[in-house]
Amino acid sequence: MEVFVQQLINGLTLGSIYGLIAIGYTMVFGIIGMVNFAHGDVFMVGAFIALIFFLFLTTWFGWALIPALILVLILGMFFTGLWNWAIERVAYRPLRGSFRLAPLISAIGMSIFLSNLIQVVQGPRNKPVPPMFTQSVPLFTENGYTVAIGYKQIAIMVITVVLLAVFWYVVQKTPLGRAQRACEQDQKMAALLGVDVDKTISLTFVMGAALAAVAGVMYIMYYGVVNFSDGFVPGVKAFTAAVLGGIGSLPGAVLGGLLIGLIETMWSAYFSIDYKDVAAFSILAIVLVFLPTGILGRPEVEKV
Amino acid sequence: MSTPLLKVDHLTMRFGGLTAVGDLSFEAQAGQITALIGPNGAGKTTVFNCITGFYKPTEGMITLTQPDGKKLLLERLPGHDINWKGRVARTFQNIRLFGGMTLLENLLVAQHNVLMNASGLSILGIFGAPSYKRAEKEAIELAEYWLEKTGLIARADDAAADLPYGDQRRLEIARAMCTKPLLLCLDEPAAGLNPRESLLLNDLLISICRDHNTSILLIEHDMSVVMQISDHVVVLDYGRKIADGPPEAVKNDPKVIAAYLGVEDDEVEKTEAEIAAIAAQAKGDAR
Amino acid sequence: MAHATHDAKPASQPTRVERAFKDAFIAALVMLGLSVPILALRTEQNMSNEVILIPRPWLVVICCLIVFVGRLLLGLFVFNRAPGAKPLVETPTAVKTAWAKFAPYAAQVGLGAIIAYPLVALYLGGPQGAIKWIDNFGIQILIYIMLGWGLNIVVGLAGLLDLGYVAFYAVGAYSYALIATKVIPATYPDLGVWAFWICLPISGILAAMWGVILGFPVLRLRGDYLAIVTLAFGEIIRLVLINWVDFSGGYAGLSSIPRPSFFGIPFNASETGFAARFGLEFSPIYRTVFLYYVILVLALVTAFVTIRLRRLPVGRAWEALREDEIACRSLGINTVSTKLTAFSTGALFGGFAGAFFAARQGFISPESFVFLESAQILAIVVLGGMGSLFGVVVASIALVGGIEILRELDFLKAIFGASFDPTQYRMLIFGLAMVLMMLWKPRGLISHREPTVFLKERKSISSSLVQEGHG
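Since the structure is predicted, the reported quantities are computational estimates derived from the model, not experimental observations.

## Observations regarding the overall build of chain B
Tallying secondary structure elements over chain B gives 12 helices and 10 strands in all. In terms of overall dimensions, chain B is globule-like: its C-alpha atoms have a radius of gyration of 20 Å, near the 19 Å expected for 287 residues. Overall, chain B is about 75 × 40 × 40 Å in size when its C-alpha atoms are taken along their principal axes. Buried positions account for 60% of the 287 residues belonging to chain B. For chain B, the proportion of contacts with a sequence separation of at least 24, taken over those separated by at least 6, is 65%. Here chain B displays about 12,200 Å² of accessible surface, and carbon together with sulfur accounts for 53% of that area. The positive charge centre, built from 29 side chains, and the negative charge centre, built from 38, are 7 Å apart in chain B.

Written as structure tokens, this is what we have:
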């Protein structure tokens, strides 16, 4: 029981990070039907931007932890959004509406480019930050084991919930969200009705990147270290999460993220840490065999 | 009357709460052209999809009787066996050709199973066995025959997607005929055709039915086609059968007129005359 | 970067030059925004392993200048050109006619060049100098050509997006390595010298079997769902190879894998070795040249089988499946078994290539079977032009040869100083090249389809008519 609750907390924390990245995949897929393979690396770039701003504010200007983190979140979202905006503009927009695989290959190329760019300009070594929010709140003790929830875990979950609420509001209630949903249904028709399709798609990329940047900040907070190659694994996991939840579905992405996080931590606790990724991927395959469009994905009706 | 080629019994198809087809029974006789008509959304294409295996019916039985007397329950066959074992071929409302392949290739794909067996599941074929070469030659001859018959032979080596719309419709019929079907199901074959093409289509369909031992089940909105060539008409409305009989009888059935025009029963008589006039005019156009 | 002003006001239409300058300025501004966090400050660890920031403003200035000038030149000479203007560089008619004459023989000439390549390399470089060129370029490129041709069956012909093709490559490599190092010595040690020739078909068949096992449950998935599951399978196989140490040696991999023999005669310095038997002086070059021809023959078998299969019903069914799956089913084609044959045929060739890879390296580890490999093979297929065998060859030479050439950038040290490490930039340039090539030719280098059969005249079909599959 005590191990289970502790792993549940850990799993939900990890799942929050995956979920935030997964939203970027699912939004882009929903609106232009493309798998943005570079999204994991955009997340990594976001983490690096956060790391640099964090060090800049704390070591050069001696800012306190919490105001520094808040400013880092805002700056990180802005600059990562700018990166993804530029990437979409240069590498994907010219390929829109052409061959389905062309943007995919372009995105894979962009992914290779981004991780190697960071390696070249920031060096190949792990970049640690001083540990922060090391305290935790003990919840209960059972069999001599104290279940605790860390401050940073609380912070991660609270930020995730708040962001998801804001995000949900934007997509459901604002003109931008309406334009996005219209483009998702039919880009040509949306354009005829006066929706600026290019701008809407650009903003979708910016929003996805902003959420990935938040995930990047959390990643640094949680693990205390980041490396140029850290984009791939979380990226693939988040993509898995998006597909598991049903790609194109926003609640699905969050649900998938949480599920993948939980599967990983539970598998590590009860079976073997070596095979946690194997477990996550296998469960994905099994779920898709029975639910071919994911858990919350709209079942695909074959139009004859 | 002998056993019907196709017998649909109490066919029901529900999508969630919506009943697209409800308790439908009808028969199609061998050697005849049977038309399935009805207003938009009446469930005609759903019936086709059930017969050709794209949907599994919620309830009901679809029996196909082959010339040797063997009966097949179509709703129990896997989708691809309906063509191969059941020998039922179809065309689609939104034309589905292999656009990037040539006309000839389209017609060879239709003979896939025959050629596959001749190629010894590809093993003999890889080594260029003479038995396979012979089978391929026959397949090309059959394809040529149907290209001639549909007037497409001059474009045999062009990509199917390059054809004009009317030719694409005919190519789809030719492709279906290359599977040597007992029953050919045509989903709105005359849609989008000009009157001349429509007339050519009538001749083609009649010839298919008379000369090739292939019965036809057809969905059509163009009444000139339906009235001229069909032997038997089944009328659907809201997923239910409202009339069934020879074209002349169906045409004058007040329920059919009401379904098409959505008028009150007492107005039926008044509109009936107009309908007859329209039908006559359509006939005249077609001639 | 940003060429935004499409909706220029008719009242005061800016000239092209003005527009180009404006766009270049915006692009430079964007570059400034991109580089502020990432380029302007470099993170370095100090003595106590704390990360400190080192500013480098000049890098930012240089980058912004490069972007400004680059965008300006693009704006002036490439974009925003008047409609109907002549292309920048017009191919001279002489070149065009020469090409038209040459084109029908391109395949023969190319094949001749590939066959003669090691001999030319030997002649030009001598036994010592040639090894690098035959091994790093020749053999490496041929392996990718073979993998590209294998994956081409799955992606190019059948239209199934497979992001985990490297799994079958791994299955082939590990099958050979395990059988040759563990099974054969324990059972029939005398056959050791024939190990490669015995294991080659076994490895391929095992890979094909894995193709069927992995393919069966997932082939009814469509599009991106299939893509992620194949990617997941690729990762699962790699992770199992890493973690199941007793079976696969884990991260350390498997070593001392027997090398191929010259049909029973080993390539070594012993009395019974290849050199001694043929009265030659011992040199490693013989094995390298032999390996080159082995992979060449394997690749040609792949090409031959693919060309033949395309003209058989199964190949036509693959292409038909790519064009329209629903129509296929209505014509009596069993789509599941057709997809499985495509998947397992592709896997078969991946397995052959894997066995060859293990035999050539003599050592394998999970490092060689990462997702990047799958991505690279897929890039070769897509860049070559879906379904085109010749395109795969060109794309392999460009991408794989390009990567290898980038290893030879040492001369840049002369320009940028001795501390400059050009190999770092290898993958950076590779990634960028992938993007640029896709932007340049979204439909691949060879963008037409050759019909498999014709009545009167073989006419190429423009790939804009060809579907790309949804599975």
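## Brief notes about the interface of chain C and chain B
Facing 34 residues of chain C, the contacting portion of chain B comprises 42 residues. Carbon and sulfur atoms supply 66% of the area that chain C and chain B bury against each other, a total of about 3,300 Å² over both sides. On the chain C side of the contact with chain B, Arg 316, Leu 331 and Leu 455 of chain C bury the most area, a combined 20% of that side's loss. Across the contact surface, chain C and chain B share 3 salt bridges. The salt bridge partner of Glu 105 of chain B is Arg 449 of chain C, with a shortest N-O separation of 2.8 Å. Between chain C and chain B we count 11 residue pairs in polar contact (both at pLDDT 80 or more) in total. Elements supplying a minimum of two residues to the side of chain C that touches chain B: α10 (285-310), α11 (313-323) and α12 (325-330) of chain C. Of the residues forming the side of chain C that touches chain B, the biggest block, 7 residues, is contributed by α11 of chain C. A class-by-class count of the residues in the side of chain C that touches chain B yields 19 nonpolar, 4 polar and 11 charged.

## With respect to the packing of α10 of chain C against helix α13 (residues 335-361) of chain C
All names here are of chain C. With their axes 11 Å apart at the nearest point, α10 and α13 run at an angle of 180 degrees to one another. With respect to their mutual orientation, α10 and α13 come out roughly antiparallel. In this structure, α10 contributes Leu 291, Val 294, Ile 295, Leu 298, Thr 302, Val 305 and Leu 309 to the contact, and α13 contributes Thr 345, Phe 349, Phe 356 and Arg 360. Its residues assigned to classes, the contact of α10 with α13 comprises 8 nonpolar, 2 polar and 1 charged.

## Looking at the nonpolar core
Residues Phe 37 of chain A together with Ile 38 and Tyr 176 of chain C are the most contacted members of the largest nonpolar core, which totals 299 residues. With 17 residues, the top contributor of residues to this core is helix α4 (residues 106-157) of chain C. In contact with Ile 38 of chain C, other than residues within four places in its own chain, are Val 45, Phe 48, Ile 49, Ile 52, Trp 83, Ile 118, Val 121 and Gln 122 of chain A together with Arg 56 of chain C. Core analysis: the next-biggest nonpolar cluster, separate from the first, contains 31 residues, Val 8, Tyr 55, Leu 77 and Leu 236 of chain B among them.

## Side note on the pairing of strand β2 (residues 18-28) of chain B
For strand β1 (residues 6-15) of chain B and β2 of chain B, the ladder comprises 7 bridges, and the chain directions are antiparallel. By the bridge assignment for β2 of chain B, Lys 7 of chain B is matched with Glu 27 of chain B.

## Quick word on the interface of chain C and chain A
The interface is formed by 67 residues belonging to chain C together with 71 residues belonging to chain A. Each partner contributes to the roughly 6,400 Å² buried at the junction of chain C and chain A, and carbon and sulfur atoms together form 73% of this total. Linking chain C to chain A there are 0 salt bridges. For the pair chain C and chain A, the number of links is 11 residue pairs in polar contact (both at pLDDT 80 or more). When residues of the side of chain C that touches chain A are traced back to their parent elements, those giving at least two are α1 (16-38), β1 (41-45), β2 (51-55), α7 (223-243), α12, α14 (371-384) and α17 (425-440) of chain C. Sorting elements by how many residues they give to the side of chain C that touches chain A places α7 of chain C first, with 13 residues. Among the residues forming the side of chain C that touches chain A, the class breakdown is 45 nonpolar, 13 polar and 9 charged.

## Considerations on the confidence of the model for chain B
When pLDDT drops low, the exact placement of atoms in the prediction is not to be read closely. The share of residues in chain B with pLDDT of 70 or more is 92%, and the mean pLDDT across the chain is 83. Mean pLDDT values for the elements of chain B range from 65 in helix α12 (residues 268-286) of chain B up to 91 in helix α3 (residues 103-109) of chain B.

## Here's the deal with the sheet that holds strand β7 (residues 183-187) of chain B
Residue and element names in this part refer to chain B. Pairing is mixed in the open sheet, where 6 strands are placed in the order β6-β7-β8-β3-β9-β10. Because the sheet does not close on itself, it has two edges, and the strands there are β6 (88-90) and β10 (240-245). Pairs of neighbouring strands in the sheet enclose a mean axial angle of 15 degrees, with direction left out of account.

## Examining the domain arrangement of chain C
Assigned domains of chain C: these are domain 1 (16-77) and domain 2 (106-408 + 441-462). On a C-alpha basis, the centroid separation for the pair domain 1 of chain C and domain 2 of chain C is 42 Å.

## Some remarks on the packing of aromatic side chains
Inspection of every chain in the model, using the stated rule, returns 31 aromatic pairs over all chains. Note on Phe 232 of chain A and Phe 371 of chain C: the rings are 5.5 Å apart at their centroids and 25 degrees apart in plane angle, and the pair reads as stacked. Residue Phe 232 of chain A is located in helix α9 (residues 232-245), and its partner Phe 371 of chain C is located in helix α14; the two belong to separate chains. For Phe 232 of chain A, a relative accessible area of 28% corresponds to the partly exposed category. Judged by its relative accessible area of 10%, Phe 371 of chain C is buried. Connected via pairs of aromatic rings, a cluster forms that spans Tyr 25, Phe 37, Phe 232 and Phe 239 of chain A together with Phe 371 of chain C. Here the guanidinium or amino end of Arg 175 of chain B rests over the ring plane of Phe 98 of chain B, the centre of that ring lying 4.8 Å away. Between Lys 441 of chain C and the ring centre of Trp 440 of chain C, over which it is positioned, the NZ or CZ distance is 5.4 Å.

## Here's the deal with the environment of Leu 51 of chain A
Secondary-structure assignment places Leu 51 of chain A in helix α2 (residues 39-60). Taking relative accessible area as the criterion, Leu 51 of chain A reaches 0% and is therefore assigned buried. Sequence separation between Leu 51 of chain A and Val 226 of chain A is 175 residues; the distance between their C-alpha atoms is 8.4 Å. With residues near it in sequence (within four places) discarded, Leu 51 of chain A still touches Lys 127, Val 129, Ile 220 and Val 226 of chain A together with Thr 43 of chain C.

## Regarding a nonpolar patch on the surface
All names here are of chain A. Together, Val 137, Leu 139, Tyr 151, Ile 154, Val 158, Val 162 and Val 166 give the surface a local cluster of nonpolar side chains, amounting to about 560 Å² of exposed area. Secondary structure elements with two or more residues in the nonpolar patch: β2 (136-142) and α5 (151-173). With 5 residues, α5 is the largest single contributor of residues to the nonpolar patch. Tracing the chain through its elements places Val 162 in helix α5.

## Examining the pattern of salt bridges
A side chain of one charge can pair with a side chain of the opposite charge if their charged atoms are brought near each other. Residues and elements named next belong to chain A. Applying the stated criterion across every chain, the model contains 29 salt bridges over all chains. The closest approach of N and O atoms between Glu 88 and Arg 96, which form a salt bridge, is 2.8 Å. Since its relative accessible area comes to 0%, Glu 88 is described here as buried. Of the residues examined, Arg 96 reaches a relative accessible area of 23% and is grouped as partly exposed.

The rules behind each value
- Residues numbered from 1 in each chain as written.
- Chains lettered and ligands numbered in written order.
- Predicted model: local features only at pLDDT ≥ 70, side-chain atom pairs only at ≥ 80, totals over all residues.
- Heavy atoms only, no water.
- Helix = DSSP H or I, 4+ residues; strand = E, 2+ residues; numbered from the N terminus.
- Rg over C-alpha atoms; globule rule 2.2 N^0.38 Å.
- Buried < 20%, exposed > 50% of the residue type's maximum accessible area, 1.4 Å probe, protein only.
- Contact = heavy atoms within 4.5 Å.
- Areas by Shrake-Rupley, 256 points an atom, 1.4 Å probe, with all protein chains shown as cover.
- Lys, Arg positive; Asp, Glu negative; His and termini not counted.
- Charge placed at Lys NZ, Arg CZ, Asp CG, Glu CD.
- Buried area = accessible area lost by both parts, 1.4 Å probe.
- Salt bridge = Lys/Arg side-chain N within 4 Å of Asp/Glu carboxyl O.
- Polar contact = N/O pair within 3.5 Å; in protein donor to acceptor, adjacent residues only side chain to side chain.
- Nonpolar A, V, L, I, M, F, W, Y, C, P; charged D, E, K, R; others polar.
- Axes fitted to C-alpha atoms, helices over the stretch in contact; angles between N-to-C directions.
- Parallel < 35°, antiparallel > 145°, perpendicular 65-115°, else oblique.
- Core = buried A, V, L, I, M, F, W, Y, C linked by side-chain atoms within 4.5 Å.
- Pairing = 2+ DSSP bridges.
- pLDDT = per-residue confidence, 0-100.
- Domains from an automatic or database assignment.
- Phe/Tyr/Trp six-rings, centres within 6.5 Å; stacked < 30°, edge-to-face > 60°.
- Lys NZ or Arg CZ within 6 Å of the ring centre and 35° of its normal.
- Patch = residues over 30% accessible without salt bridge, like charges linked within 9 Å, V, L, I, M, F, W, Y side chains within 5 Å.

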